[in-house]
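Residue-level listing of the chains:
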Amino acid sequence: MISLFCWKANPTTAVRRLWSRRPLRQSDGRVLSACACFALAVVWSGTARAAGLGDAAPLVKELCTECHGGMSPEAHLDLERLRGEPEFATQFRTWEKVIERLKDERMPPPDAPQPTAAQREELIEAVSRGLHTYIDENAGDPGEIVLRQLTSAELAYSIEDLTGVDLVDPGDFVSDAVGGAGFTNAGDAQFIHDATLERYLESAKKVAAHAVIGSGPLKFDIDPGKTGRELSSIRRIQEIYRSHGFRTAAGEGGKPFGLDVYPKSLLVAWQFRHRQALGRPDATLDDLARENGLEPRFAAYINSVLTAPTHAFPLSEIVAGWRNLPEPGAASVQAVREDCNELYGRLRYWQHLLASESSDEEEAAVLTDGAVKLTKESSFKATLDWREGADRATIELSVLPVAKAQSNPLVVWHNPRMRFRRDRKWTPYEPLRTVLSGDVVGKLSFGRHPAGAKLETDDFVLGRTEDMVLPFSVPAGATSGQLVVDVMLDVKHGEEGVVRCTVSDGINPGETVAATGTYSVLLADPEGSTYRWLKPGIEEFARALPEVSHREPAPSDRDPIPAPFDGTYNSAERNHFHAKIKYHRDDRFLVDHLLDDATRLRLDQAWVDLLTAFDYHDEFYRVVARKYDLPDDRRGADLDGAWIASLPDEPRLYVERLHSDYARARQALSAAEPGHVDQALEFAERAWRRPLSAAERGRLRGFYSRLRNDRMEHEEALRLLLARILVAPAFLYRAEAPSPSPAAAMLSEWEIANRLSYFLWSSIPDEPLRRTAAAGQLQEPETLASQARRMLRDLRARRFATEFFGQWFGFYRFDKHRGVDGARFPEFTDSLKQSMYDEAISFFSYVVREDRPVDEILFADYTFADAQLTRHYGLPAVESIKPVKIEGTGKLHRGGLLRLGAVLTVTSAPLRTSPVKRGDWVLRRILGTPVPPPPADAGSIAADDVQSDGRTLRARLEAHRRDASCVNCHSRMDPLGFALEEYDPIGRWRERYRDDQSIDNSGVLNDGVEISGVSGLLDYLKTRRAQFHQTFATRLLGYALGRAELASDRPLLDELAGELDRGGKLSDLVVRIASSRQFHFRRGGNPTPEGELPVAGEEP
Amino acid sequence: MSRQERSSRRAFLRGCGATLTLPWLESLASAAEPAGQPTGPAHEPPIRFACIFFSNGVEPPHWWAEGEGAAMRVGKGLEPMQPYREDMVFLRGLYNAQAAAHKSAHLGRSPNLLSGAWVSTNQNEIRVGKSFDQVLAQTIGKQTAVPSLVLGIEPTELRLEDGLSMLYGSNISWASDTKPATKEIYPARVYDLLVGDGRGRQSDRSVLDEVLADANELKRRVSRSDGQKMEEYLESVRSIETRLAHAGQEGRLEGWQPRLTSPNMPRPGDALPQDVPAHMRLMLDLIVLAFQMDKTRIATCMLNNDLSQMNFGFLEGVHGSLHLDLTHNGRAPDLEAMYLKTNQFHVAQFAYLVDRLKAIDEGERTLLDNSVLLCCSNFLDGDKHQADQMPMLLAGRAGGRLKTGRVLDYLGAGDSHRRACSLYLSLMDLMGAAQERFGDADRPLARL
């Protein structure tokens, strides 16, 4: 763990702050060490302190400036100028080179006057001293950080986090460029022009178009405009229906949900009834409902049903069952809970039985509002299954009177016929009689009526029958069967009443068709007394305890449609309804008995938004007008009350309701307007990443009001307000207040929060970070550290993997890589490219989020691959289409940075590998010691790996480097690149070249070290860890600050690299940087022209 | 007087019910401008300038031209210009001294092509020099709705090359010493810029007014150096507002009226074209459209970036990427032949532009005659990064002020007489924006 807050900071600000917030505790070593640091530190005094060359200046003049001076200094190195003002901060590398050249006596050149050995010593000594003095005096200098714009990626991430929807493609902007330490987030290479600003404006308007501006709070949807409003409303409605409502499995593909409310409510009502006995005399129904995870409103409702004085059959049966539940003394609560479940089973039996009669054949069988239609006749079309390969199967039939008092009804089973499914085709129907075997046929007495009446030969009659099992032989190859039969209650010969008939294959006896494959129908004589006695009870039951709480908002074409539409299948009105009116609200039970007030409000808002997202009211009126011959030229949206009152009764009913619905919707929409403006200001606060000043609030509101005064609609004005927020400099730029004096100044809490969130997430601070900043706690070391660590674990840290590691190692936007010759490598498809990119990002996300040891970046024995990539690499196959972690890949040539397909591909030429490029990449990106650029006339080697002269790439490269001027650099680069030669240009492992030549993967570096193959390279890099750590530290600091390295960063960088040498983790480095002086301060000496004090983020 | 005549001509055209691509009516033109009356500049079509740039140089043995007029002979690299020899001026031996002296073989020698400036090697600063096309844009560009078009095919690469930002390799047009002009690579956006008429953008203007105020306010609250950065934002807002205001105005700022008043090509799709030749052709068509509608008079188009990875597999018999494989071809004969094909392909793009402009009649002269076009690369020998000579050729007669069908050789004239910046001074003069000095030159190019 690195100790925090070891700045050489100005005690008058930082220390006071630290002390005032945290009393010193003896036990807190960290605070002690921090004080020690402050005490020892050279007090920081403002802008970078100039350090001169001192005595060496005249020597530089004497020895160097004749060439490196004047109008056109040699090599553009003007030592004449630097002699006076050495600019150590940025020119430290130049000075280091000067020292190096003097040391190895390459300067002054042989043909120039030479210094004495003592003079040379003196000069080297003086320059070094000057440089080190500078570093010592300026350590921790925040440096000049050019005002940063959001990069394309930052813009897209910020908008995603602001709206909760991924709306902007960073590819829409082409204005990114790399500067500073090699990252797009450096201000020096960022520019804005009218064309870029036009793009920002365009994208801001696009985002604003995705705002859902309805009767509820402002939110954003993945779809824009009216579509977004309609679909978002549907999603909101569905979400409420799913989370609060219930339904049984009705219809095709219907999944039951929420059904546990019934047994729970039975139990809660029981507990309430026996609250005295249960020792909780003061418990309310609400309390008990909440304890059982039940909506209090529903508990109260069920309780009222169960405790009502009288009920008709069959509800009476359920209520009686509940009343007969054991008393608390007689059974445990757990036992009663099980009893409730059983009682609920009985409830389900009735629901299902009645539901099957409540709708016509085309519709889903659901019991809602008592629309039960019983007839004497019905029919079955029952699918029969059997175990695969079985040669015998069964049909089970039953005929049961609903009321136990009934004695013996008769049911005629007319024209029963079977067909079989074989080879995906149906066989022709055959009479059931011929399907059943001889002994079974006898059970059914085909063609004989018990009362002697006439009966067709294939028909049979059943009286009261329980579970009659009829086995039959399965025809060879048949996979399922179907029994089709018409059933009729024979009231002429048997008793009238209400009868349930079932057909089942007996495999899974159960309650419902969807669950079990049992089909049932109810038959009754509507004229009979039994039916008249039962009907009100059925309706009461259906109303009180339905099996679904609501219908879906958009009826499927099998569902009934509301009055006054003609529900006939395929009728013009029904089709018009499905095409134009689309939605029908049928959730009375849910609203009345299940939803709390807040949810009711949200549901109402969603419905208002849905029905005002298109011309619902107009379309509705059109149907009514056509049906009742009303004038067709009016719009449902504006009808006047007097005219409505003059209409005939029936149309008036519908038109009136339409009119009042519309008026209510309008009312709800306009009531929401002021709230939207408030919410837009909250949006601005998040987008601008700091509290708004009162003046800013005023300006934003003023803008909106002016638009409204210009007669612009609320929705359009609000969208413009949102666009205006997103194209404002406060959003596009990461502005920080200047230091009011020549001294460096500490940043505000909000500025630090911003630096941190753009560092780790490339996006806006989230709510916890905002809270911390608002509370002024970010300058507290522990809080800062815990925030940073939390953020690194967050999913959004994937962006850090993409942005930081991607740009550092060169696989950034690899999904758009175009450097592979498609004709040579047709297998390099877009989807393979994406898989390789995913591998790289998944790997680094893992390292970041799991805080793996930093050296794993190079030496990991695992990688992340999807199915396609495992095939490409020849790894053991995985099936996943998302990358999964695969362990132990080292022996299969995979794992870590160097063996990533994306890296191996970007360091190749289109047709061949490039050992030079790969070697240069290792030197530059991993070891941080790039070779100088090649001379302009360096020449080149051929593009393809196989040439007619038969020479290998290596032979050609060796011929190329024979030139003495080349060998110096190439002997540093090439062996590193050749070690990776067994990876082809698209990252696959290979044993030989295309022309079957063998691959020589070895080489000798200029310091004599021999390297062969990727394992040799990894072994070599193990000896160069310190260099890798130094590069890591430099890149990470450069990325965090958005600027290139300064001489004064050296002490911090050494500390960071040292921490890595000791096994430090990425999170330790991030925390150390986040608590560094560079990160917390802004350089002084560059105040505003007017010298005004900054206000950003300081106002409450 | 003349104003009335012009409007009567417009009235006539409206009367015909024709507003676009109407053939030039000679008789009407002469009727509108009675014989004997001198035609002032307001009556003359303006001179247009376009620069077509390709990176990575040429095969020097095939880059030559000899002779005059119809008798001119050209090397293989210039074959596509064969039909336009008499419209062309071949320039040999021009160079930028600061580029040739730069150590960075690519980035020190490409962003300064049109400015002759030094490319800063300071990692904390982007600095080259304002390019002459942008000097033109900032002087005479305000006469049109769009000051200049800056086009390209490839986006800015996101990396450093030899420690320098690839921003350098991706821009030859620089709006200031430290800021590249925005290079547009999406054809649809160029089209919208040209054709979008500013009407219906009232609400955009209300947003822009607001954020302009924001930026002014913010500028007062940030440091001086940040304030300078903020100024870029302010400039951007102002220039959009100016453009919207311009677009709303009736008629031209000068007397001359372009023939084409609405686009004669469909709007390109929103996506970036995937086919390179089609992409280039669209960009060139858009330059033609812009010139024809007089939406701008200055255009620069980079057919590729420096260090381009553009894969030339779309040319028959060619494979590999422009920079790494084809330019640095190891002198392998088959690859040199492919490299030559890429040179010819680039010149063919220029020839296409010449051909299209030549087909457009602007009264007394063709649009080509009313233009001066520059085709150039920053290296002669691309393989050697040779910047001490650059391939350059001109086409078009600059309204009659430039004599074409010539070969001008400056190679032996001495370094101070072969500065590319002298050419740029000459071109700015031809465009009616003469300057005293530019870059390292203080006199125009002799003999041009």
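Residues numbered from 1 in each chain as written. Chains lettered and ligands numbered in written order. Predicted model: local features only at pLDDT ≥ 70, side-chain atom pairs only at ≥ 80, totals over all residues. Heavy atoms only, no water.

## Structural notes on helix α26 (residues 714–726) of chain A
So, point 1. An ideal rise of 1.5 Å per residue puts 18 Å on 13 residues; α26(A) measures up with 18 Å between its terminal C-alpha atoms.
So, point 2. Every buried residue of α26(A) is accounted for by His714(A), Ala717(A), Leu718(A), Arg719(A), Leu720(A), Leu721(A), Leu722(A), Ala723(A), Arg724(A), Ile725(A) and Leu726(A). (Helix = DSSP H or I, 4+ residues; strand = E, 2+ residues; numbered from the N terminus. Expected span 1.5 Å × (residues − 1). Buried < 20%, exposed > 50% of the residue type's maximum accessible area, 1.4 Å probe, protein only.)

## Structural notes on the packing of helix α12 (residues 296–307) of chain A against helix α13 (residues 315–323) of chain A
Residue and element names in this part refer to chain A.
So, point 1. The contact between α12 and α13 brings their axes to 9 Å, and the two run at 100°. When the axis of α12 is compared with that of α13, the two are roughly perpendicular. Listed contacts from α13 to Val305, Leu306 and Thr307 of α12 are Leu315, Val319, Trp322 and Arg323.
So, point 2. Across the contact of α12 with α13, the residue classes tally to five nonpolar, one polar and one charged. (Axes fitted to C-alpha atoms, helices over the stretch in contact; angles between N-to-C directions. Parallel < 35°, antiparallel > 145°, perpendicular 65-115°, else oblique. Contact = heavy atoms within 4.5 Å. Nonpolar A, V, L, I, M, F, W, Y, C, P; charged D, E, K, R; others polar.)

## Focus on the packing of aromatic side chains
Residues and elements named next belong to chain A.
So, point 1. Enumeration according to the criterion identifies 62 aromatic pairs over all chains in this entry.
So, point 2. Ring centres of Tyr262 and Phe298 lie 5.9 Å apart, and the angle between their planes is 65°; on these two criteria the pair is classed as edge-to-face. Here Tyr262 is found in helix α10 (residues 261–273), whereas its partner Phe298 is found in helix α12, with 36 residues between them in sequence.
So, point 3. You can call Phe298 buried: its relative accessible area is 0%.
So, point 4. Note on Tyr616 and Phe620: the rings are 5.8 Å apart at their centroids and 55° apart in plane angle, and the pair reads as tilted. Taken together, the residues span about one helical turn, with Tyr616 and Phe620 both in helix α22 (residues 616–628) at a distance of four residues. (Phe/Tyr/Trp six-rings, centres within 6.5 Å; stacked < 30°, edge-to-face > 60°.)

## A few points about the pairing of strand β5 (residues 149–152) of chain B
Residue and element names in this part refer to chain B.
So, point 1. Alternating positions in β5 separate into two faces, Leu149 and Leu151 on one and Val150 and Gly152 on the other, with burial throughout.
So, point 2. In the sheet, β5 pairs with strand β10 (residues 298–302) via four bridges, with the strands oriented parallel. Bridging across to β10, Leu149 finds its partner in Ala299. (Pairing = 2+ DSSP bridges.)

## A short note on the nonpolar core
It is characteristic of soluble globular proteins that their nonpolar side chains tend to be buried jointly.
Residue and element names in this part refer to chain A.
So, point 1. If you look at the biggest cluster of nonpolar residues, it comprises 106 residues, and the most contacted ones within it are Phe805, Phe809, Phe811, Ile926 and Phe1032.
So, point 2. Beyond its immediate stretch of four places on either side in the chain, Phe1032 contacts Phe804, Phe805, Trp808, Val854, Ile857, Leu1060, Leu1066 and Leu1069.
So, point 3. Counting 82 residues, the second-largest nonpolar core is a separate cluster that includes Trp322, Val336, Cys340 and Trp607. (Core = buried A, V, L, I, M, F, W, Y, C linked by side-chain atoms within 4.5 Å.)

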